[in-house]
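Here is how the chains run, residue by residue.
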Amino acid sequence: MSISRRTVLASGLALPLAAPLAACDRISAEPTPPNVPPLKSVAPCPFGAAIKAMQIDDPDWVALARANVSQLTPEWEMKMEYVLADGLDRPNFDRSDAIAAFAQANGMALHGHTLIWYSQGKEAFAGLSGAAFDRAFDGYIAALAGRYRGKVRSWDVVNEPILDDGSALRDCHWSARYGHDGYMLRAFEKARIADPDGVLFLNEYNQESVPAKGAQFLKLVERLLKAGCPLQGLGLQSHLWIDIPDGVIAAYMREIAQFGLPIHVSELDCTLRTENPLDLRSQADRLARQTARVTELAEAFTALPPAQRFAFTVWGLRDTDSWYRQGDKDDGRDKPLPFDSFGRPNPMAAALAEAFRA
Ligand code: XIL
């Protein structure tokens, strides 16, 4: 069975056991947290994490990031929904500037996320058509990619262009104007002009876990490259779950490697939740399955030729930082990230370190 992370989030699976967070973590964490070396010291590439600007003011987060991380991806505040919240004419770069300054001050690389995404910009672009739409589209990319030129190492130029079942590309406000491949070709072209040195990525989830979606992604990459698109890197979001069948992730990594392009594991987390409310597996069983999935991904990545190991990024450091643990969807128990709420290594951190060193 495969599930999308959206289904997980939408399914309201929150267990009725939601006890206070700290108490839960004490019960569910390993009795002795594993001894794990700083992840950036063992990763075969920059080791990245998502950052929200408010975390800059959290000394515990900063210490954990300084110890383990050599690259950052803004989790929210470089996206169109945030940047254009006040409208097209009033772009807001305050928080992405703060993140960029933090990265620079701490000697960390920065990955830009994301220029064009089907899920964003509909409101800001509403009412525009023809040449005005084109000016806004090109202008947005020029403004954002131009502002961080020389400060970012790389960009997710297009995010999540493929439907969940892998049957086709998504319809969206961008494809309505430029066509399905057309909006991507245009975005990459404009990004190339605005930032000639940033490595330009196409980023997608569930390609490594849902074979039909992976196949669609590979076809898309082939077409874009054939059309002369300045696409230079492939982003595997890797929002994993525990029941992805053995071997699927490694097989996909071998396939995608054949383009010879740099690969970014760009948003790794692995939820312990499943869709089945009658799934009575213990937390320990779930963690063992998680370790297997994460190990398979990290080993497959480590086996890539060195030039293709662009970066390996986790979508948050502590479980409580995870998007799976926000708001009323928080079940108080999920452990999708390498560190627990106290910043102690989870089994996932140990699995990563082990796989990187293998
Ligand atoms: C998510 C963030 O984690 C949330 O905080 C935000 O509310 C919504 O976006 N794929 C992506 C990321 O490319 O940008 C998404 O991040 C997770 C899925």
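Residues numbered from 1 in each chain as written. Predicted model: local features only at pLDDT ≥ 70, side-chain atom pairs only at ≥ 80, totals over all residues. Heavy atoms only, no water.

**Q** Which residues make up unusual backbone geometry, and what values go with them?
**A** Here the residue pair His113 and Thr114 is connected by a cis peptide bond, since its omega of -5 degrees sits within 30 degrees of zero. Its place among the elements puts Thr114 in strand S3 (residues 109-117). A positive phi angle, close to 55 degrees, is found at Glu160, a residue other than glycine. Take Glu160: it is sitting in the loop between strand S4 (154-159) and helix H9 (173-178). Judged by relative accessible area, Glu160 falls into the buried class, the value being 2%. Residues other than glycine seldom take positive phi values, yet Asn206 does so here, at roughly 60 degrees. Mapped onto the secondary structure, Asn206 falls in the loop between strand S5 (199-204) and helix H11 (211-226). Relative accessible area serves as the criterion here: at 2%, Asn206 is assigned to the buried category. (Helix = DSSP H or I, 4+ residues; strand = E, 2+ residues; numbered from the N terminus. Buried < 20%, exposed > 50% of the residue type's maximum accessible area, 1.4 Å probe, protein only.)

**Q** Quick rundown of the packing of aromatic side chains? Include the residues and the values.
**A** Counted by the stated rule, this structure contains 14 aromatic pairs. By the ring-pair criterion, three or more aromatic residues cluster together here, those being Phe125, Phe133, Phe137, Trp174 and Tyr178. Positioned above the aromatic ring of Phe310, the side-chain terminus of Arg153 is 3.7 Å from the ring centre. For the cation-ring pair, Arg170 lies above Tyr118, with the distance from its terminal atom to the ring centre recorded as 4.0 Å. (Phe/Tyr/Trp six-rings, centres within 6.5 Å; stacked < 30°, edge-to-face > 60°. Lys NZ or Arg CZ within 6 Å of the ring centre and 35° of its normal.)

**Q** How would you explain the UniProt feature "domain: GH10" (unreviewed entry) in the protein chain if you had to name every residue and give the values?
**A** UniProt records the feature "domain: GH10" (unreviewed entry) for residues 33-355 in the present numbering. Across residues 33-355 one finds 39% helix and 16% strand; the C-alpha atoms that close the span lie 18 Å apart. (UniProt positions renumbered as here; feature names shortened; annotations may be inferred.)

**Q** Talk me through the site of the ligand; I want residue IDs and the actual numbers.
**A** Around the ligand, the structure places 13 residues, and the nearest of them are Glu75, Lys79, His113, Glu160 and Glu267. A distance of 2.8 Å is found between an oxygen atom of the ligand and a side-chain nitrogen or oxygen belonging to Glu267. Residue Trp315 places a side-chain N or O atom 2.9 Å away from an oxygen atom belonging to the ligand. In the complex, the protein chains occlude 81% of the 410 Å² of accessible area that the ligand would expose alone. Residue composition of the shell around the ligand, by class: four nonpolar, four polar and five charged. (Near = heavy atom within 4 Å. Polar contact = N/O pair within 3.5 Å; in protein donor to acceptor, adjacent residues only side chain to side chain. Areas by Shrake-Rupley, 256 points an atom, 1.4 Å probe, with all protein chains shown as cover. Nonpolar A, V, L, I, M, F, W, Y, C, P; charged D, E, K, R; others polar.)

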